[in-house]
Amino acid sequence: MTETVLDKIKAYKLDEIAADKAAKPIEAVEAEAREADPVRGFAKAVMTASRQGYGLIAEIKKASPSKGLIREDFDPEMLAIAYETGGATCLSVLTDTPSFQGAKPFLPTARAACSLPVLRKDFMYDSYQVAEARAMGADCILIILASVSDTQAAELEAAATEWNMDVLLEVHDEDELNRACALKSPLLGINNRNLKTFDTTLDTTRTLSRLVPADRTIVCESGLSTAQDLSDMARYGARSFLIGESLMRKDDVTAATRAILASPLMPGAM
């Protein structure tokens with residue numbers, strides 16, 4: 001079997017977690033987490049915004065495995081301010097270094113610069129990372145169903161709940177969607193990018209959205225670059241979006257954020 005990008009990421013991430021545990025015991029991380037600023041309601045913000053118009057999780061993302069460097073002029077503080085000024089609902093901050101040129105300090109820096117709730121965007125495998133996310137100030141974590149077992153997913157979700165954090169469950173196909181629906185978190189991210197091939201198609205959301213239970217909030221991820229893309233996905237029940245690359249490539253991030261949110265398809269206008 002050919003090793004996928006996700007397989008490679010998992011291998012180095014497990015080594016990274018082991019090194020982090022050796023460098024800082026979980027007790028020390030948990031002590032920092034208890035001293036962190038209060039949680040900002042991530043899921044509540046997304047769901048409220050999606051009922052009123054669109055919910056936008058705007059991503060602070062320097063690079064990606066498939067596209068390489070996305071933005072040379074990279075300043076997490078300024079980007080957080082730009083996104084908030086442009087109307088974003090929440091932030092997503094990449095903290096993975098080898099594949100995305102992210103860094104853990106980016107998250108507290110971005111969060112301190114704005115009032116938005118923040119997702120730690122990383123590959124989560126261990127409850128140690130969840131406590132670490134809260135210690136950074138994260139309000140939400142990501143669980144990628146393609147990368148964890150059902151037991152791992154449940155453990156990560158439970159750990160997030162213990163820290164009063166929200167969870168974004170990310171799926172790519174029907175099997176992962178069914179697995180996610182066995183968990184409790186209301187935010188269900190449909191990633192239009194195949195993590196094995198890195199091909200992207202909005203047909204993934206068009207197909208899977210029909211299978212999402214009414215008590216879940218769809219977050220459409222990847223492949224979104226225009227206001228028309230958002231209105232198209234809204235017709236399939238996706239009123240919340242996670243967008244990074246298309247906004248990060250723009251010179252004026254605030255204007256780009258305003259533009260993509262400018263004409264929300266209002267609820268009921270399907």
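Please refer to the structure higher up on the page.
Everything numeric here is computed off the predicted structure, so don't read it as measured data.

> What is the right way to read the layout of surface pockets from this model?
With a probe scaled to a water molecule rolled over the atoms, the places where space remains empty come into view. In this model, the largest pocket occupies a volume close to 430 Å³. Lining the largest pocket are 29 residues; nearest its centre among them are E59, K61, K121, R193 and S222. Those elements that place two or more of their residues in the lining of the largest pocket are β6 (140-144), β10 (240-243) and α11 (245-248). Tallied by class, the residues present in the lining of the largest pocket amount to twelve nonpolar, eight polar and nine charged. Of the pockets and cavities examined, the second largest pocket occupies roughly 320 Å³. Taken together, 20 residues line the second largest pocket, and the ones lying closest to its centre are A146, E176, N194, L195 and K196. The greatest single-element share of the lining of the second largest pocket, amounting to three residues, is contributed by helix α1 (residues 5-23). Grouping the amino acids of the lining of the second largest pocket by side-chain chemistry returns four nonpolar, nine polar and seven charged.

> Explain the pairing of strand β9 (residues 217-221) here, please?
For a regular strand, side-chain orientation follows a simple rule: the groups alternate between the two sheet faces. Summarising burial for β9: five of the five residues are buried, a large majority. Of the two faces of β9, both are covered, the one formed by T217, V219 and E221 as well as the one formed by I218 and C220. Direction of pairing for strand β8 (residues 187-191) relative to β9: parallel, over a ladder of five bridges. Paired with N191 across the strands is E221, a residue of β9. Taken together, β8, helix α9 (residues 203-208) and β9 form a β-α-β motif whose crossover is right-handed. By the bridge criterion, three bridges tie β9 to β10 in an arrangement that is parallel. Within β10, the position partnered with V219 by the bridge is S240. Since β9 and β10 lie parallel, the crossover through helix α10 (residues 227-234) that links them has a hand, and here it is right-handed.

> Honestly, the packing of aromatic side chains in this entry has me stumped. Any pointers?
Between two aromatic rings, the relevant description is the distance of the centres plus the angle of the planes. Tallied over the entire structure, the rule returns three aromatic pairs. Between the aromatic rings of F74 and F106, the centroid separation amounts to 5.1 Å while the plane-to-plane angle is 55 degrees, which identifies the pairing as tilted. Highlighted residues: F74 in the loop between β3 (68-69) and α4 (76-86) and F106 in helix α5 (residues 106-112), separated in sequence by 32 residues. F106 matches F74 in its accessibility class, with the two residues each being buried.

> What exactly am I supposed to notice about the sheet that holds strand β7 (residues 166-171) here?
Read around the closed barrel, eight strands run β1-β4-β5-β6-β7-β8-β9-β10, paired in parallel fashion. Within the sheet, the average angular offset between the axes of one strand and its neighbour, ignoring direction, is 25 degrees. Along the sheet face, helix α3 (residues 42-52) touches β1 (55-60), β4 (90-94), β5 (118-121), β6, β7, β8, β9 and β10 and points at about 130 degrees away from the line of β1. Packed on one face of the sheet, helix α7 (residues 150-162) meets β6 and β7 and runs near 175 degrees to β6.

> Would you explain the packing of helix α2 (residues 26-35) against helix α6 (residues 127-136) in this entry?
Where α2 contacts α6, the axes come no closer than 7 Å and their chain directions differ by 35 degrees. Crossing geometry of α2 relative to α6 is assigned as left-handed. Every residue of α6 that contacts α2 at I26, V29, E30, E32 and A33 is listed here: Y128, A131, E132, R134 and A135. Of the residues belonging to the contact of α2 with α6, the class tally is six nonpolar, no polar and four charged.

Here is what the cut-offs are and how they apply
Residues numbered from 1 in each chain as written. Predicted model: local features only at pLDDT ≥ 70, side-chain atom pairs only at ≥ 80, totals over all residues. Heavy atoms only, no water. 1 Å grid on protein atoms, 1.4 Å probe; cavity = no way out; pocket = protein on both sides within 12 Å on 5 of 7 lines; lining within 4 Å. Points joined across faces, edges and corners; volume = space filled by probe spheres on them. Helix = DSSP H or I, 4+ residues; strand = E, 2+ residues; numbered from the N terminus. Nonpolar A, V, L, I, M, F, W, Y, C, P; charged D, E, K, R; others polar. Buried < 20%, exposed > 50% of the residue type's maximum accessible area, 1.4 Å probe, protein only. Pairing = 2+ DSSP bridges. Right-handed = clockwise from strand over helix to strand, strands pointing away. Phe/Tyr/Trp six-rings, centres within 6.5 Å; stacked < 30°, edge-to-face > 60°. Axes fitted to C-alpha atoms, helices over the stretch in contact; angles between N-to-C directions. Contact = heavy atoms within 4.5 Å. Left-handed = near helix turned anticlockwise from the far one by under 90°.

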